[in-house]
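Observations on chain architecture
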Amino acid sequence: MSNSRGNFHETVVSISNRDEIILSAEHFPFKATLSLSPLISYWENKIKTDPNCNVSRVNELASLLRQNPELLEPIQDVSLIDKYINTVDILMEDIFPSALWENDLRATVLPFHFDSFYATPRLEELDLLGGGNYTEKLNLDLKTLLFRLTLSAYTLILEKFYNANFVVDEPFIFTIKDKFTKLERNYKLSIDLKFMKVKAKGPIKKLSTQEINFLINRYNNLDLWMQTLPPENFEFSGFAIYDFTDVTNEETISSLRYDLLDQDSVNTKEGFESLQQKLRVLFGLPGLRLGLVSCPALHEFDTNYARKTWNGLVLTNTCDIKMQDVTESIYDPVIKRGSTIVVDDLKQFEDPTHLEKQLMEAGIRNLIIAPLQYEGKTIGMLELASPIPGELNALSTIKLKEILPLFALALNRMLEELRSSIQNIIKEKYTAIHPIVEWRFTQAAINLLDKVERNVSAEIEPIVFKDIFPLYGVSDIRSSAVERNKAIQGDLLDQLVYAKEVILAAKDNLPLSILDELVYKLDKFSQSIVHELASGDEVTVLEFLRTEIEPLFNHFEQKYPSTKKQIDVYRKAINNPNGVVYNKRRAYEESLYLINDTISNFLDREEEKAQQIFPHYFEKYKTDGLEYNIYIGASLLNNGHFEQLYLKNMRLWQLMLTCEIARRIQKLRANLKLPLEITQLILVHSNPISIRFRLDEKKFDVEGADNIRYEIIKKRIDKAVLRGTDERLTQPGKIAIVYTQPREAAEYQRYIDFLQSEGYIHDEVEDLELEEMQGVQGLKALRIAINFQNQLRHNIDTGDELLTIARTAALN
């Protein structure tokens, strides 16, 4: 069929293991026959067209072929080649020039196969062809290999019978191990098909341009091709010429480039060892060792942070090497001047430094140290080392230049990721800008940069958010100061008792009046502390024990061994970082920590979920308990969309959250060394406020005189008492909801009704008035009691969500 080649665009495809291929055939589907006929035709044509042709040589060949007519027929048995090798040698002279016979990597093979019938000695020595393990040598699975061979056959059919130029641009790369170094080497295969013919066994099936393009666009579906152009309709004969080129360096550098794009190649042990192995292949040295070290700032050199990226020969993240060790060694010119250092043999150094001795102790004699530079700055060093002197030399640095930029990019990326991680921690833990308002800070920074570029007065603009609604809550430790004092009191009394036991044991052997006086003072301190612990008592008692009691212990032990038991008890009791009896304080602090940590973790978990429903600003503070602020409103959002329904939902969510906190701490108390109790309070403020970011304190504060009253209430409300009584508003097992306006009480009464229906709280609701406090008048409160006994209808620990439950309430 004659189609103009112009009807088709040249199509180039690459095939790999990752392509999804469709091929049902389990063997090469085309018939392929070995034949020397195309080569014989070549010689017959040459005598007619090449005036420089050696006619006598061709006549000799013709005579040999007349004597051996089997070579003119299709060859079924390859042993026939060996039988007539002298004739075949002459036939192959143009394909295998004698001048290149010893060094070329060339062979002739059956079409679309890998077993050669004629090859150069060097190729046979490498054993690239033969053996049958081609999938391993080519790093291809059998299906992909068969697919590529079949597709290549179809490209020849399209080209010859349909004038369609369809190219498979994916050379075969053979990988074998060097017999001496045992390192991998790569050989690229080039295929010459000038002595191969394809013929149709019957009439050529007509295909339109659209049908051919349809096949080409579905090149991965060879089952479709085989249905359209059945393989039994075509036959290949002749042979192919295979030429191999050593591409080990190119392939290795390409592989290194690909690997170094992956952060794990430098960060993980497996990735690093893979890089080292590829460098061994590149330099042809099986004993080569790789080192990679960053160059930290001088003030960071001895820090763990600086050494996180050290994976050197001896400069590792656990080494004890100091800055001075490096500056006195062969590494100094690399760091200071960016020089590349080549050391032929470390043992030739007359006075090796501490660092150079460590290199030799690690079995290193020969090494290259090269700077890794990024944007003109030395950010690290690449080390290549060998145990054999002279293996690495100045010529090795030529190859090294090709790969240094790749390692520099990888090291810089690793350093950037480390810096980013540290910045994220700092941002999260210390000077965090909440994600919901980050857009506004970014906007302000962009505006500042714009001013700088325009040479306008460059001051950062104020960050103010107006008309936002606050939600405030606090979970506090009940009588935390009292409990802390009790713990100090108990520890001091125990230490005084231990001290008294020592003095009494000494008195049994040494009846001195001064010891009676010491017992008297110890008893007096105990009686005073039991009655009341004054602010200076702890310091006074500890000073007395350390200056007048403890110094006697060594003398007592030497003179009166019977006192050793009591002295050991005393010393064991104060054997801790504080140097005092600390049992009850430790119990208090551990219990306090567990309570705060439980509240904080639960609050963080639920607040993160709440962000998904409606974005809001959230901040928390740890004191003896935990308090938090939530701000919600249109101005906080980049898109400015806000509805009152979201505020109501957040208020109900906050109230449910407070109930859940109380239930969790009640359950936790059974596991506390000191069963502390918590009190909880919510402050309701219906009027919108404005907040401003204070650059000096790196936090938000309320803006405007009217809004300051809200902050004053927050600071004083925890001390509030009921009007006409001394009873504190906040009580264990209850939640106090402080408000100023009747409509706030009405709104929260609806939420309370809902919580009662859910089983969170008891039916009784106290409506209370509070005593006036300095600067704060007219406060009222609703107080509700948590129901710790009831099994709730919902369980948020098994999947129920607080916000989902809250949304089931009728809030409008």
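Below is a short write-up of the structure. (Residues numbered from 1 in each chain as written. Predicted model: local features only at pLDDT ≥ 70, side-chain atom pairs only at ≥ 80, totals over all residues. Heavy atoms only, no water.)

Concerning helix H25 (residues 644–668)
Operational definition: Numbering of helices and strands starts at the N terminus; helices are DSSP runs of H or I of at least 4 residues and strands are runs of E of at least 2. Multiplying 1.5 Å by the helix residue count minus one yields the expected span of that helix. Only protein chains enter the accessibility calculation, which uses a 1.4 Å probe; a residue is then buried when its area is under 20% of its type maximum, exposed when over 50%, and partly exposed in between.
With 25 residues, H25 should cover 36 Å at 1.5 Å per step; its first-to-last C-alpha distance of 36 Å lies within 8% of that length. With respect to burial, H25 is a largely interior element, 19 of its 25 residues being buried.

What about helix H1 (residues 37–49)?
What counts here: Contacts are assigned to residue pairs with any non-hydrogen atoms lying within 4.5 Å of each other.
For H1, spanning 13 residues, the distance from its first C-alpha to its last is 18 Å, which sits close to the expected 18 Å at 1.5 Å a residue. Looking at the packing, one finds that the buried side of H1 touches helix H2 (55–67), helix H4 (85–91), strand E8 (196–200) and strand E9 (234–238).

A short note on the nonpolar core
The criterion, for reference: In these notes, a set of buried Ala, Val, Leu, Ile, Met, Phe, Trp, Tyr and Cys residues joined through side-chain atoms within 4.5 Å is what counts as a nonpolar core.
Counting residues in each nonpolar core, the largest one holds 62 residues, and the members touching the most others are Ile595, Phe700, Ile717, Leu729, Val738 and Leu770. Counting residues in each nonpolar core, the second largest holds 53 residues, with Leu123, Leu145, Phe147 and Phe166 among its members.

Concerning the sheet that holds strand E11 (residues 289–294)
Hydrogen bonds between backbone groups are what pair the strands of a sheet, and the pairing can be parallel or antiparallel. Rules: Here, strands pair whenever DSSP counts at least two bridges between them. Only the contacting stretch of a helix is used when fitting its axis, a line to C-alpha atoms as for every element, and angles between N-to-C directions run 0 to 180 degrees.
Taken together, four strands build an open sheet; the order of strands is E11-E14-E13-E12 and the sheet is antiparallel. Taken across any chain shown, the strands that pair with only one partner, and hence form the sheet edges, are E11 and strand E12 (341–343). For this sheet, the mean inter-axis angle between neighbouring strands, taken without regard to orientation, is 15°. Across three bridges, the pairing between E12 and strand E13 (residues 366–374) is antiparallel. When the bridges of E13 are listed, Val342 appears paired with Ile368.

Observations concerning the sheet that holds strand E2 (residues 31–34)
With mixed pairing, three strands are arranged side by side in an open sheet as E2-E9-E8. Here the strands that pair on one side only, and so sit at the sheet edges, are E2 and E8. Direction aside, neighbouring strands of the sheet carry axes that sit 20° apart on average. Contacts from helix H7 (residues 142–162) reach E8 and E9 within the one sheet, and its direction differs from that of E8 by about 70°.

Topic: the pattern of salt bridges
Put simply, the rule is: By definition here, a salt bridge exists when the distance from a side-chain nitrogen of Lys or Arg to a carboxyl oxygen of Asp or Glu is within 4 Å.
All chains considered together, the criterion is met by 31 salt bridges. A salt bridge links Lys46 to Asp94, with the nearest nitrogen and oxygen atoms 2.5 Å apart. With Lys46 in helix H1 and Asp94 in the loop between H4 and strand E3 (106–109), this residue pair connects regions lying 48 residues apart in the sequence. Across the pair Asp494 and Lys584 runs a salt bridge whose closest N-O atoms are separated by 2.9 Å. With Asp494 in helix H19 (residues 480–507) and Lys584 in helix H24 (residues 583–613), this residue pair connects regions lying 90 residues apart in the sequence.

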